[in-house]
Amino acid sequence: MPQILIPIVVPAIAGGLCFLVPRRVKGVREVLTLAGMAWALVASIQLFGQYPLAYVKPWVTIGSLDIQFDLMLNHFSAFVIIFASLFGLGVAIYSMGWLSDRHDGRRFYSLLLWSVAAACGAVLSNSLLILLIFWEVLTPILYMLVNLGKNEDEAARSGAKSFVMLGFSDAALFLAVALIWVRFGSLSMKDLSIFVGDAYTTWVYILMMIGAITKAGAMPFHTWIPAAAKGAPTPVMALLPASIDKLLGIYLLARISLDIFSIGPGLMMLLMIIGAVTILGAVLMALIQHDLKVLLSYHAVSQVGYMVLGIGTGVPIGIAGGIFHMLNHAIYKSCLFLGAGSIEKQAGTTEIAKLGGLARAMPVTFISMTIAALAISGVPPLNGFVSKWMVYSGVVELGSRGFNSYWIFLVAALFGSALTLASFVKVLYSGFLGQKLSALAHVRESSWLMGVPMAVLAALCLLFGVWAKFPIETYINPIVHGAVGTTAGGTVELGTGFWDPSGATGLIILGIIVGFLVLAAGKLTKRRTGRVFIGGTKPAENMDAMHVTGTGFYETIRQMVPFKGFYANAEQRVFDVHNVGSRVGDVFVQGLRSLHSGVLSTYLAWSVIGLGAIVFAVLSALLRELVGN
Amino acid sequence: MNLVPLFVAVPLAAAFIIPLLGIWWKKSGEVLAPVCTAILAIMAIVQTGAPASVHHMGGWAPPVGIAMVSDGLSTLLLIAINIVAFVSIIFSLKYMRVYTGLTKYYALFMLMVAGMNGVVLSGDLFNIYVFLEIASIASYALVAFGVDAEELEAGFKYLILGSVASVMLLFAIGTVYAVTGSLNMADVAREISVRFGTTMNPALLLAGAMFLMGFGLKAALVPFHAWLPDAHPSAPAPISAMLSGVVIKSLGIYAICRVFFHVFGVASGAGGSIIFANAMIAFAVLSIVLGGLLAIGQWDYKRLLAYSSIGQVGYIMLGIGVGARVLATGGQLSVAALAILGGLFHLINHAAFKSLLFLSSGAVQHATGTRDMKQLGGLRESMPITSWTINLGTLSIAGVPPFSGFWSKLIIIIATIKAGHYAIAAVAMAFAFVTLAYYVKVQREVVFGSVTKLVEKAREVPALMYVPLIILAIVCVGFGLLYPVFGARILEPARDALMNGTEYIQLVLG
């Protein structure tokens, strides 16, 4: 078997075998899953650097349509499959701890393997049609995975919503692929080079863009991610919406925007606006969430904004930042979701108000989540900071090229980052610090199977931040050179505005050490502890009454003037395309249903009108011919 | 030996013998009907790839005698009709136990099969009418078989609207006879092309309009669709599967294809052919839009499937209409071929997945006693096999790759774009998405979600009911993955037969 097929075929077969293993047999599925994921990962790493590697095989000829199974490994896809299979492996290991008390491992592991296979297939495709097929296959897989959630009604609802919204984006992509095929006669992403000038090509680009950004989860097609978060098992959230879907969506967006199409400033501007609106809108929603998983899912939307914004700048450093942010986001967001899952499993809830003081009981979860939370908030020297910095630099550079309103986007991006930090302060404080609720007294750290993937991802956050040069030079630069090289004609240096974190890292580590020293010094002095005494009465025996959760502080924001209207509308789901669409559709449906009254004479009348219409058309044609002659 | 007459003779004989034997032997239908349909299904499969042939009844040569013509197009329909009939009969064995008068049921069923096989094999217009009436009248009775108020009302509406269509057809056939002096389709076609060429004859155009209305009503194209959403859900599930799976296609779509492509010569640009092609496209788009919108608002499981049939027939008609229009306007032959191939591909796909879905809904109704989706939920635990077949059926019809619906949708949309109808392609795509949306609703309400009270007691249906489901599910998956196997054997001959009107004339008249 050609090596390029391994990341697709091996997980797919392993998934099939997992499905066939009888329900009662234990252990085999886990081994199969690990082996499949690990093999895919090893093969992907071996493939790295072996490009351009093509694999073309005629598949099927339907009528006059020749469909070729056309794969191609290039720098970008090589890099994406490594991380897709890495996340697959991590989540698989994690799931072994997570699923220990559940019986539906059969479906879970096979779907997990299939989703990695489909993702690798989509990324490796050189033919747009093959990409479309793998892309669409991933949608029902996600749907089935969401439906494995514990709360069946919630899972069914959120799964259906995700399937419908992704189905819409798949349909858009489908139409775009068909339009490209007809107009340009080729589906090869390598050969296609489309100048967006007329209405046709603009529509094609916009349709493809809808496909890409819905998968990634940018506004206004983002609402499936928070919906999925409500129902899906948490490891599924960590694998699909948080990492693989982001990788795929941004991969496609970058390919179409930089490589296949050459788009004008108008569409670039559109991308930047989508990016900026997504950053701010989603982070504002995240601020007021009380459920950890939903909060994380809004951040998964918000962060997409940086990626879209970075790509939309069209400046090398911005593009590099966008793509690097895609990778970084996948790392820290999976880590956060895995942490949330760990809390959910041990504490039984992800509602922030019901958590508190878990830091001591769950140190691994606490430390990895803290690192990931700081990374997503863009705190140096973690990876999120580096990629965000690159995106900012891209926007600034755009300004220096004469784009005067660049500051709006810069402010949006910076402000979004600040609000991200604000909302994660809530998570860290309410979840891990403060007083431990008595209901959580029994909570212990999750098993090492769950701990290891979290710790590894957290370590990656730190590594890719401090030694950002390594991922940027190995993975990102060649992509940007390749992409920008083909469209703008010439390679570009990334040097401008690049952040060198070594000095700052030293200072930060020094700061942390000083902080610990101060803390230690404080502990040396004696503290006086006394009973709580309020207004002459003893507080309840249950110290839970004294529990202060972080969520209350954020009520202020909800009530603040500029945001109040926004939140009120958001709660009415005015910004939810799915909801608006179904409401509009419902008007038509009800109208049509009331027409179908069941009265036979009405139905007969319709038939007669139909006949009359044909006869009318025929007669008018006849008359036209008579008059013409 | 020529098998062609047996496709009509076997079911017709069975329809006669079953009630006769039924006087003494209650199980006559349950034994004879499966055997006959099995023989028919095997014959249909054997028939694939056979060269086109004509059978002269009683040795009388056309145009005087009656001819039975078997070409690629009829073979395609024969396969669909007889396999779906076999599967539905097997499903009926257990499912129909709750009804009485079973010998009548099986007799009517065989009569319906005989009628449909007759329609797709007839070489002359009047016999098409006769067989169409046989199939229709059998189906009116079968729709009302439950004799509850709702079923009788549905059967009555179907009867009235169906009769209107039949009258129109008879009138159209009479007009054609008056103009050309013949009823043999090949003879009529030659007459029309020789005498009128590309000029328009008012009488023939009127006949064409009535043909389109009459067959369009049988095919349930909007605005002639109103009988379907009552009739299909009211019938017993195997009959719903037959009606949606093959009846609307053999009596409607097939007849439209045969009459307009082969008799009226739409493909060779005969007078008025552009109007008819436009009308086909217009009705197709209306069906796609209204069928989709109406399906999404339904909570009755079978009614949702019925509205979905209207939309899906729209896709079949769209492919064929676009092909007809391209041919009529003298466009590229390859585009027309692609469009027609897409339409025919969707025809057999729809036969497979819609009968699968209707039979699955029957299984669900059998196990839970309801078809109200609000009262269903969480079937995946209690009815795993049925749930899987529902999932495969819905994924196929929603056009998710690699299942069958994806490919036919792909071909139809690409052909529509190639023909230059961008807006129609966009509408078709948008409503393909709507199709996905309402089938996701079915899954959400029926398969997934929490277990409702009615479902708690539900058990998986017996093997005689789930084996047919599994067979059809395999067919759905096979149609998606194995185009090289069946495409060249059954789809491409059907397309070529449809596109070559002159070949048909030569075949029949020699």
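Residues numbered from 1 in each chain as written. Chains lettered and ligands numbered in written order. Predicted model: local features only at pLDDT ≥ 70, side-chain atom pairs only at ≥ 80, totals over all residues.

Caption draft 1: Highlighting the overall build of chain B. For chain B, the count of helices and strands is 21 helices and two strands. Since a compact globule built from 510 residues should have a radius of gyration of about 24 Å, the 21 Å found for chain B is in line with a globular shape. In terms of its C-alpha atoms, chain B occupies a principal-axis envelope of roughly 70 × 60 × 40 Å. In chain B, which comprises 510 residues, the proportion classed as buried is 68%. The contacts of chain B with a sequence gap of at least 6 include a subset with a gap of at least 24, amounting to 81%. (Helix = DSSP H or I, 4+ residues; strand = E, 2+ residues; numbered from the N terminus. Rg over C-alpha atoms; globule rule 2.2 N^0.38 Å. Buried ≥ 20, exposed ≤ 12 C-beta atoms within 10 Å, placed from the backbone. Contact = placed C-beta atoms within 7 Å.)

Caption draft 2: Just the overall build of chain A, in detail. The helix and strand tally for chain A stands at 22 helices and four strands. Looking at chain A residue by residue over its 629 residues, the buried ones come to 53%. Restricting to contacts in chain A with at least 6 residues of sequence separation, those with at least 24 account for 81%.

Caption draft 3: Molecular detail of the domain arrangement of chain A. Taken domain by domain, chain A comprises domain 1 (265-489 + 543-559) and domain 2 (577-628). If you average the C-alpha positions of domain 1 of chain A and of domain 2 of chain A, the two centres end up 52 Å apart. (Domains from an automatic or database assignment.)

Caption draft 4: Looking closely at the environment of Met285 of chain A. Residues and elements named next belong to chain A. Structurally, Met285 can be placed in helix α10 (residues 265-287). For Met285 and Tyr392, which are 107 residues apart along the polypeptide, the C-alpha to C-alpha distance reads 23 Å. Apart from residues no more than four positions distant in its own chain, Met285 is found in contact with Tyr298 and Ala570.

Caption draft 5: Representation of the interface of chain A and chain B in the model. On the side of chain B, 55 residues touch chain A, which itself brings 50 residues to the contact. Of all the elements in the fold, those that place two or more residues in the side of chain A that touches chain B are β1 (53-62), α5 (128-146), α6 (152-184), α21 (577-595) and α22 (600-628) of chain A. The biggest single contributor to the side of chain A that touches chain B is α6 of chain A, with 18 residues. A per-class count over the side of chain A that touches chain B returns 34 nonpolar, 10 polar and six charged. (Nonpolar A, V, L, I, M, F, W, Y, C, P; charged D, E, K, R; others polar.)

Caption draft 6: Helix α6 (residues 149-180) of chain B, seen in detail. Along its 32 residues, α6 of chain B runs 46 Å from first to last C-alpha, staying within 8% of the 46 Å computed at 1.5 Å per residue. Gly181 of chain B sits one or two residues past α6 of chain B and shows a positive phi near 75°. (Expected span 1.5 Å × (residues − 1).)

Caption draft 7: A look at helix α3 (residues 72-95) of chain B. In this model, α3 of chain B (24 residues) spans 34 Å end to end at C-alpha, consistent with the 34 Å of a helix rising 1.5 Å per residue. Within α3 of chain B, 23 of the 24 residues are buried, leaving the element largely enclosed by the surrounding structure.

Caption draft 8: Representation of the packing of helix α13 (residues 363-376) of chain A against helix α16 (residues 448-466) of chain A within the structure. Residue and element names in this part refer to chain A. Taken N-terminus to C-terminus, the directions of α13 and α16 make an angle of 35°; their axes are 9 Å apart at the nearest point. Taken as a pair, α13 and α16 cross one another with a handedness that is left-handed. Contacts between α13 and α16 involve Val364, Thr365, Ile367, Ser368, Ile371, Ala372 and Ala375 from the former and Gly451, Met454, Ala455, Leu457, Ala458, Cys461, Leu462 and Gly465 from the latter. Among the residues forming the contact of α13 with α16, the class breakdown is 11 nonpolar, four polar and no charged. (Axes fitted to C-alpha atoms, helices over the stretch in contact; angles between N-to-C directions. Left-handed = near helix turned anticlockwise from the far one by under 90°.)

Caption draft 9: Inspection of unusual backbone geometry at higher detail. Cis geometry is found at the peptide bond from Met219 of chain A to Pro220 of chain A, where omega equals 5°. Mapped onto the secondary structure, Pro220 of chain A falls in the loop between α7 (199-216) and α8 (224-231).

Caption draft 10: Just the nonpolar core, in detail. Counting 446 residues, the largest nonpolar core has Ala84, Leu253, Ala372 and Cys461 of chain A together with Met110, Val266 and Ala428 of chain B as the members making the most contacts within it. Counting residues per element, this core draws most heavily on helix α13 (residues 333-368) of chain B, at 21 residues. Counting the residues that make up this core, at least three belong to each of domain 1 (265-489 + 543-559) and domain 2 (577-628) of chain A. If we skip the residues at most four places from it in the chain, Met110 of chain B touches Pro11, Ala14, Ala15, Ile18, Ala33 and Cys36 of chain B. (Core = buried A, V, L, I, M, F, W, Y, C linked by C-beta atoms within 7 Å.)

Caption draft 11: Summary view of the packing of helix α12 (residues 301-328) of chain B against α13 of chain B. Residue and element names in this part refer to chain B. Contact geometry of α12 with α13 gives a least axis separation of 7 Å together with a crossing angle of 170°. Comparing their axes, α13 and α12 come out roughly antiparallel. Taken together, the residues of the contact of α12 with α13 sort by class into 16 nonpolar, nine polar and two charged. (Parallel < 35°, antiparallel > 145°, perpendicular 65-115°, else oblique.)

Caption draft 12: Up close: the pairing of strand β2 (residues 67-70) of chain B. All names here are of chain B. Because side chains alternate across β2, one face comprises the buried residues Ala67 and Val69, and the other comprises Met68 and Ser70, equally buried. With four bridges joining them, strand β1 (residues 53-56) and β2 adopt antiparallel strand pairing. From the neighbouring strand, Ser53 faces β2, where its bridge partner is Ser70. (Pairing = 2+ DSSP bridges.)

Caption draft 13: Focus on the confidence of the model for chain A. When the pLDDT values of chain A are averaged, the result is 81; 89% of them are 70 or greater. Low confidence marks residues 484-497 of chain A, where pLDDT is under 50. Its contacts with residues over four positions away, or in another chain, come to 22 contacts. (pLDDT = per-residue confidence, 0-100.)

Caption draft 14: Seen up close, the environment of Phe479 of chain B. Within the element layout of this structure, Phe479 of chain B appears in helix α19 (residues 463-481). The contacts of Phe479 of chain B, once residues within four sequence positions are left out, are Ile348, Asn349, Ala352 and Ser404 of chain B.

Caption draft 15: Local environment of the environment of Gly510 of chain B. All names here are of chain B. By the secondary structure assignment, Gly510 is in the segment after α21 (501-509). Accessibility expressed as a C-beta count within 10 Å gives 9 for Gly510, which makes it exposed. Spatially, the C-alpha atoms of Gly510 and Phe353 are 39 Å apart, while their sequence positions differ by 157 residues.

Caption draft 16: Layout of the confidence of the model for chain B. Considering every residue of chain B, the mean pLDDT works out to 89; 100% of them sit at 70 or more. Scoring of the predicted complex yields 0.90 for pTM and 0.89 for ipTM.

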